[in-house]
Amino acid sequence: MDTAEQADRPASFILMSGRQVIGTIITGAIVGVLSWGIALLLDTYVFKTLFCHSMMTPQCQDAPQYAAMTASLLAAAIGIFALVKLQVFRPLLVGLASVIGLWGLMNSVTSLTWQMSALLFMGLFAVSYILFAWIARLRSFGLSVIIMVVVVVAVRFVLNS
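Residues numbered from 1 in each chain as written. Predicted model: local features only at pLDDT ≥ 70, side-chain atom pairs only at ≥ 80, totals over all residues. Heavy atoms only, no water.

Trainee: Would you mind showing me how to read the overall build of the protein here?
Mentor: Across its full length, the protein carries eight helices and zero strands. In the protein, the succession of helices and strands from N to C terminus is α-α-α-α-α-α-α-α. With the C-alpha coordinates aligned to their principal axes, the bounding extent of the protein is approximately 75 × 30 × 25 Å. Among the 161 residues that make up the protein, the fraction classed as buried is 38%. Long-range pairs, those at least 24 residues apart, make up 73% of the contacts in the protein with a sequence separation of at least 6. On the protein, roughly 9600 Å² of surface is accessible, and the fraction owed to carbon and sulfur atoms is 73%. Here the protein contributes 8 positive and 5 negative side-chain charges, whose respective centroids are spaced 9 Å apart. (Helix = DSSP H or I, 4+ residues; strand = E, 2+ residues; numbered from the N terminus. Buried < 20%, exposed > 50% of the residue type's maximum accessible area, 1.4 Å probe, protein only. Contact = heavy atoms within 4.5 Å. Areas by Shrake-Rupley, 256 points an atom, 1.4 Å probe, with all protein chains shown as cover. Lys, Arg positive; Asp, Glu negative; His and termini not counted. Charge placed at Lys NZ, Arg CZ, Asp CG, Glu CD.)

Written out as structure tokens, the structure reads:
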């Protein structure tokens, strides 16, 4: 009787294939590089052009932050579409948690060389995407969201300290 009941109960996790795991890591790395690159391009060619007529304006000082925020959202949208193509479970949740968790990362890497900051973005986004995709595999949506919120708060705490 016990074996029949266990056979009828679904697993607590949705399975991920090796293709999905590798694809999620690669997608996270690409999103990281895109986020970094788009932020630099937007800062240089759009936001500084719009806001920096006088270097003393507060908008000019915040131009890199505006560029990083816009780039993060654009790159996350591309990442979510890639995760949908890979058929990763709950791709929107993965993308949103990654963006919120790594929000403001551009401010932390301003003192690094461009190669190191691009590599850091690539690595952190890859780890973030696979971590949140792994958490999203939980069948219970509520438990998945609670764990993601705890992890996002922990990541934000580490990045802001």
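After that view, the rundown keeps rolling.
Trainee: Help me out: how do you make sense of the pattern of salt bridges in this one?
Mentor: When charged atoms on two side chains of opposite charge get close, those side chains can pair. A full pass over the atoms with the stated rule returns one salt bridge. With its nearest N and O atoms 3.4 Å apart, the salt bridge here joins Lys 48 to Asp 43. (Salt bridge = Lys/Arg side-chain N within 4 Å of Asp/Glu carboxyl O.)

Trainee: Help me out: how do you make sense of the packing of helix α2 (residues 18–51) against helix α4 (residues 63–86) in this one?
Mentor: Pairs of packed helices are described in terms of their axes, by the angle between the two and the distance that separates them. Relative orientation of the contacting elements α2 and α4 amounts to 150°, with a least axis distance of 7 Å. Classified by the angle their axes make, α2 and α4 are roughly antiparallel. Considering the relative orientation of α2 and α4, their crossing is right-handed. When grouped by side-chain class, the residues that make up the contact of α2 with α4 number 20 nonpolar, eight polar and four charged. (Axes fitted to C-alpha atoms, helices over the stretch in contact; angles between N-to-C directions. Parallel < 35°, antiparallel > 145°, perpendicular 65-115°, else oblique. Left-handed = near helix turned anticlockwise from the far one by under 90°. Nonpolar A, V, L, I, M, F, W, Y, C, P; charged D, E, K, R; others polar.)

Such coordinate-based values are descriptive only and should not be taken to indicate function.
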